[in-house]
Amino acid sequence: MTLIDLGDSIPSNTAHAVSVSLPTWKANVGYEEGEQWVVGSMMTGYPRFFIHKTIQALSADILAKHGRPGQSAMLFPTRRAAQRCADFIQDKAEQPEPVVDVSILSLHLDPTRDFSEPLRSISPSISAVVFPEALFPVAKQYWQHSGDGVSSRRAEFCLNLFRDGLLILNDRSPSPRSPQQQKLRRGPKRYQKRSSIDDTESPNNTTNGKPANPPSPPPEELADSIESSRFLEERYGRNLDVSLVENAKSAIRRRIAGVISTDLHELSHAAAAPPMESNARGVSDLQEHDIYLTPCGMNAIFTSHQALLQARPPQKSVNFGFPYVDTLKILQKFGPGAVFYGHGSSADLDDLEARLKGGERVLALFCEFPGNPLLTCPDLKRIRTLADTYDFAVVVDETIGNFVNVNVLPLADIVVSSLTKIFSGDCNVMGGSIILNPSGKFYTSLKTSMAAVFEDNYWCEDVMFMERNSRDFVTRIDRVNVNAETISDALQAHPLVDKVFYPKCNASRANYEACRLPKGGYGGLLSCTLKSKALSIAFYDALETAKGPSLGTNFTLTSPYVILAHYQELDWAASFGVDPNLLRISVGLEDDLGEIFARALKAAEAV
């Protein structure tokens, strides 16, 4: 493949890309160290870690009009989400006195304008949490952990409305600049067109810096009207009207349920959606309304935890197995806390069982199947038995296994997934899902709490991209399974490779096989360690794949994962068997991967 320059988006020339190119080991370390030669070159980054330039630009514009010097802002799709962030800042800010200078500005369409029905139906809105600049790192924690923040496409859409004076404060949002509240009246206007992302860039492209106020585009560009059919990038040639958004959501939910034949065309021409299969995902009576779509995978975990805290008496949760970084943070920071079993072993389950027998109680057990990045699989059958005996819920993240390969829903109360990954594959849109098991003990209480906790904040344009991208995900997974096994075998056979982590060759394979479907494979993610750090660096630098954060892409994507995810806690990660020099490889659809990996291994041999 054509190598991607440092800091460019992955995929290249993609305005809403989910990854960024860090093509050398040194660049990954430089990113973690905040070195300007790296962060100054970054056009984008993983969305929960790098605030997209368009979001920075909208934040800067809102502050310029309604804020004061010395303030920063974090943007959310609804006031409820913004309030959670504001509460988090108040709770976590390390200051001797309570933080009082935190406010929420909610912006909505100007009701005095005559907007078209399509624009009013999608309800573009932004709620900005405004706070002193010194508290930006605290607010950023909430943004990263919760996944509640606005998507870049929503921000892009709203930025142009705001700059054209069509997105205004509502009467609940007194400006920090003025105590006067704005009186709203009813009415509508024309449907305006957005301008290019090039017009919305902020000069400040660092991850944690405060966005500068970008120059406003010329008036003639602001006068362009927003077309309701502009939901998919031109190069795909599939423009879909806003009237199809709800059908697109239904198509996505049904694919997640395993009703693979359902597509958007069928739903758009049917008076009513066909009934779901009675045994979808291996459980009785799973219905479309049991599947919830979220703006990203981490928000699915965050929302599930919030729902459990409301459905049951608040207690600590168990994080079982070495987790993706933010799952543990959610359990630790947004409730009574967490009990962490980082090895996810049988001995860990023995210890948990002993504690439960001794009278200790937990809210839920959260685990990944398989885990990231060691690809180990917990013993879900034994966990289910313990959950039934000691009255706790089981939440399984199936992102890496994915439901084409494994079926974990019968053993879980909640199954979550990041649709950003292989379900989408194109690395240009975020999304997540929550499935409630209708046969689960806590189903009724969870349905009640989800009605109170869940907000449908999945932006319409992101929905349309996800629906389009996921149409062929089953055939893509089949190909990725084959490619990943081939790479796993090649790495295991090479004398410079110390260890390969993959469900098929891990010690926990039996746990994976217990949930593997008859036609399922072992997934597209694997990790490996070489016999020295120097070999790992040489291999990574020579590998001719895309290199950056994220996984589950249609193209192979490699990263020194532990450097990116645990740079400040390498010794802690190593204590759970996670080598700091580990390489994580998300295998794609390419036909020449064997040759690509052989060349990189040859380069390592020269060290």
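What you see is a predicted model; the values in this text were computed from it and never measured. (Residues numbered from 1 in each chain as written. Predicted model: local features only at pLDDT ≥ 70, side-chain atom pairs only at ≥ 80, totals over all residues. Heavy atoms only, no water.)

Just to check I follow, could you spell out the pairing of strand β11 (residues 393-397) for this structure?
The side chains of a regular strand alternate, residue by residue, between the two faces of the sheet. When you tally the buried positions in β11, you get five out of five residues, the bulk of the element. In the sheet, strand β10 (residues 364-368) pairs with β11 via five bridges, with the strands oriented parallel. Counterpart to Phe366 in the pairing with β11 is Val395. Between β10 and its parallel partner β11, the chain crosses via helix α14 (residues 380-390), and the hand of that crossover is right-handed. Pairing between β11 and strand β12 (residues 414-418): three bridges, direction parallel. Directly across from Val395, in β12, lies its bridge partner Ile414. (Buried < 20%, exposed > 50% of the residue type's maximum accessible area, 1.4 Å probe, protein only. Helix = DSSP H or I, 4+ residues; strand = E, 2+ residues; numbered from the N terminus. Pairing = 2+ DSSP bridges. Right-handed = clockwise from strand over helix to strand, strands pointing away.)

Before we go on, may I ask you to explain the environment of Phe162 in this structure?
Note on placement: Phe162 falls in helix α7 (residues 152-163). Given the relative accessible area of 6%, Phe162 is considered buried. Put simply, Phe162 and Leu109 are 53 residues apart on the chain and 8.9 Å apart in space, counted from C-alpha to C-alpha. Aside from chain neighbours lying at most four places away, what touches Phe162 is Leu58, Asp61, Ile62, Lys65, His66, Leu107 and Leu167. (Contact = heavy atoms within 4.5 Å.)

Help me out: how do you make sense of the environment of Lys499 in this one?
Mapped onto the fold, Lys499 is located in strand β14 (residues 497-501). Spatially, the C-alpha atoms of Lys499 and Ser527 are 8.4 Å apart, while their sequence positions differ by 28 residues. Sequence-distant contacts of Lys499, that is, excluding residues within four places in its chain, are made with Ser527, Cys528 and Thr529.

Where do I start with unusual backbone geometry in this structure?
Here the residue pair Ile10 and Pro11 is connected by a cis peptide bond, since its omega of 0° sits within 30 degrees of zero. With respect to the helices and strands, the residue Pro11 is situated in the loop between β1 (9-10) and β2 (19-20). Look at the link from Asn372 to Pro373: it is a cis peptide, with omega at 20°. Here Pro373 shows up in the loop between β10 and α14. At Asp285, a residue that is not glycine, the phi angle is positive and equals roughly 65°. Take Asp285: it is sitting in the loop between α10 (264-268) and β7 (291-294). We classify Asp285 as exposed; its relative accessible area is 52%. Residue Asp391 is not a glycine yet carries a positive backbone phi of 60°. Considering the arrangement of structural elements, one finds Asp391 in the loop between α14 and β11.

What is the right way to read the nonpolar core from this model?
Nonpolar side chains tend to gather and get buried jointly when the protein is soluble and globular. Counting residues in each nonpolar core, the largest one holds 178 residues, and the members touching the most others are Val129, Leu491 and Phe539. Counting residues per element, this core draws most heavily on helix α11 (residues 297-311), which supplies seven residues. In contact with Leu491, not counting residues within four places along its chain, are Val497, Val500, Leu526, Cys528, Phe539, Ile585 and Leu601. By size, the runner-up hydrophobic cluster in this structure holds eight residues, among which are Val20, Leu22, Tyr31 and Val39. (Core = buried A, V, L, I, M, F, W, Y, C linked by side-chain atoms within 4.5 Å.)

Explain the packing of aromatic side chains to me, please; I cannot follow it from the model alone.
Aromatic rings considered in pairs are described by the distance between their centres and by the relative angle of their planes. Going through the model one piece at a time under the given rule, you end up with 23 aromatic pairs. Aromatic rings pair up to connect Phe76, Phe88, Tyr142, Trp143, Phe302 and Phe334 into one cluster. Between Lys65 and the ring centre of Phe162, over which it is positioned, the NZ or CZ distance is 5.6 Å. One residue, Lys547, lies across the ring of Tyr540, its end atom 5.0 Å from the ring centre. (Phe/Tyr/Trp six-rings, centres within 6.5 Å; stacked < 30°, edge-to-face > 60°. Lys NZ or Arg CZ within 6 Å of the ring centre and 35° of its normal.)

Sorry, what's going on with the environment of Phe539 here?
Within the secondary structure, Phe539 sits in helix α19 (residues 533-542). For Phe539, a relative accessible area of 0% translates into the label buried. Spatially, the C-alpha atom of Phe539 lies 8.9 Å from that of Arg599, the residues being 60 residues apart in sequence. With near-sequence residues (within four places) excluded, Phe539 lies in contact with Leu491, Leu530, Leu583, Phe597, Ala600, Leu601 and Ala604.

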